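# Descriptive structure summary
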Amino acid sequence: MNSEIKEGVKGKILAVDDSSQSRNVLKSYLGDEGYTVITAEDGEEGLAVALDQLPDVILLDVIMPKVDGYEACQRLKADERTRFTPVLMITSLEKVED
């Protein structure tokens, strides 16, 4: 987590998902747990928000319009500002190869 976060204060999470229902559930649940939750509705917006807000963790949907989760993750890991930010991929895909 970001070294600027004080003990006892929870971090900032970016939730990127093209489903407004999924974004709202994540924001509500994680917000209730004390996290600051920011959202984006597609990979392109998610990249912009991540670079502007520098969240502590990114929750990233795999299947999204414009820029999918795989490409967004590759770009985040290629940028020095977000290279070490943990990214959790969220998906309803069921096949192992996905």
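Procedures and definitions
Residues numbered from 1 in each chain as written. Predicted model: local features only at pLDDT ≥ 70, side-chain atom pairs only at ≥ 80, totals over all residues. Heavy atoms only, no water. Helix = DSSP H or I, 4+ residues; strand = E, 2+ residues; numbered from the N terminus. Buried < 20%, exposed > 50% of the residue type's maximum accessible area, 1.4 Å probe, protein only. Contact = heavy atoms within 4.5 Å. Areas by Shrake-Rupley, 256 points an atom, 1.4 Å probe, with all protein chains shown as cover. Pairing = 2+ DSSP bridges. Right-handed = clockwise from strand over helix to strand, strands pointing away. pLDDT = per-residue confidence, 0-100. Core = buried A, V, L, I, M, F, W, Y, C linked by side-chain atoms within 4.5 Å. Patch = residues over 30% accessible without salt bridge, like charges linked within 9 Å, V, L, I, M, F, W, Y side chains within 5 Å. Salt bridge = Lys/Arg side-chain N within 4 Å of Asp/Glu carboxyl O. Lys, Arg positive; Asp, Glu negative; His and termini not counted. Charge placed at Lys NZ, Arg CZ, Asp CG, Glu CD.

On to the overall build of the protein, then. When helices and strands are counted, the protein shows 3 helices and 4 strands. Helices and strands appear in the protein in the N-to-C order β-α-β-α-β-α-β. Taken over 98 residues, the protein has a buried fraction of 36%. Considering only contacts within the protein whose residues lie at least 6 apart along the sequence, 60% involve residues at least 24 apart. For the protein, the accessible surface area stands at approximately 6,400 Å², while carbon and sulfur atoms represent 49% of it.

What follows covers the pairing of strand E2 (residues 36-40). Summarising the sheet, strand E1 (residues 12-16) and E2 pair through 5 bridges and their orientation is parallel. When the sheet's bridge partners are listed, leucine 14 is paired in E2 with isoleucine 38. Once you follow E1 into helix H1 (residues 20-32) and on to E2, the crossover reads as right-handed.

It is worth spelling out the side chain of threonine 85 at this point. Of note, threonine 85 is situated in the loop between helix H3 (69-78) and strand E4 (87-90). In this structure, threonine 85 is in contact with Pro55, Asp56, Val57, Ile58 and Lys77, ignoring residues within four places of it in sequence.

To continue, consider the confidence of the model for the protein. In the predicted model, the protein carries a mean pLDDT of 89, and the fraction of residues at 70 or more is 85%. Here residues 1-5 is a poorly scored stretch, pLDDT under 50, and it has 7 contacts once near neighbours within four places are set aside; other chains count.

By size, the foremost hydrophobic cluster in this structure holds 15 residues, and its most contacted members are Leu14, Val16, Ile58, Leu60, Leu76 and Val87. For this core, the secondary-structure elements that each account for two or more residues are E1, E2, helix H2 (43-53), strand E3 (57-61) and H3. Ile13, Leu30, Val57 and Leu59 belong to the second-largest nonpolar core, a separate cluster that totals 6 residues.

This brings us to a negative patch on the surface. On the surface, Asp18, Glu41, Glu44 and Glu45 cluster together into a patch of negative charge. Among the secondary structure elements, glutamate 45 is positioned in helix H2. Judged by its relative accessible area of 32%, glutamate 45 is partly exposed.

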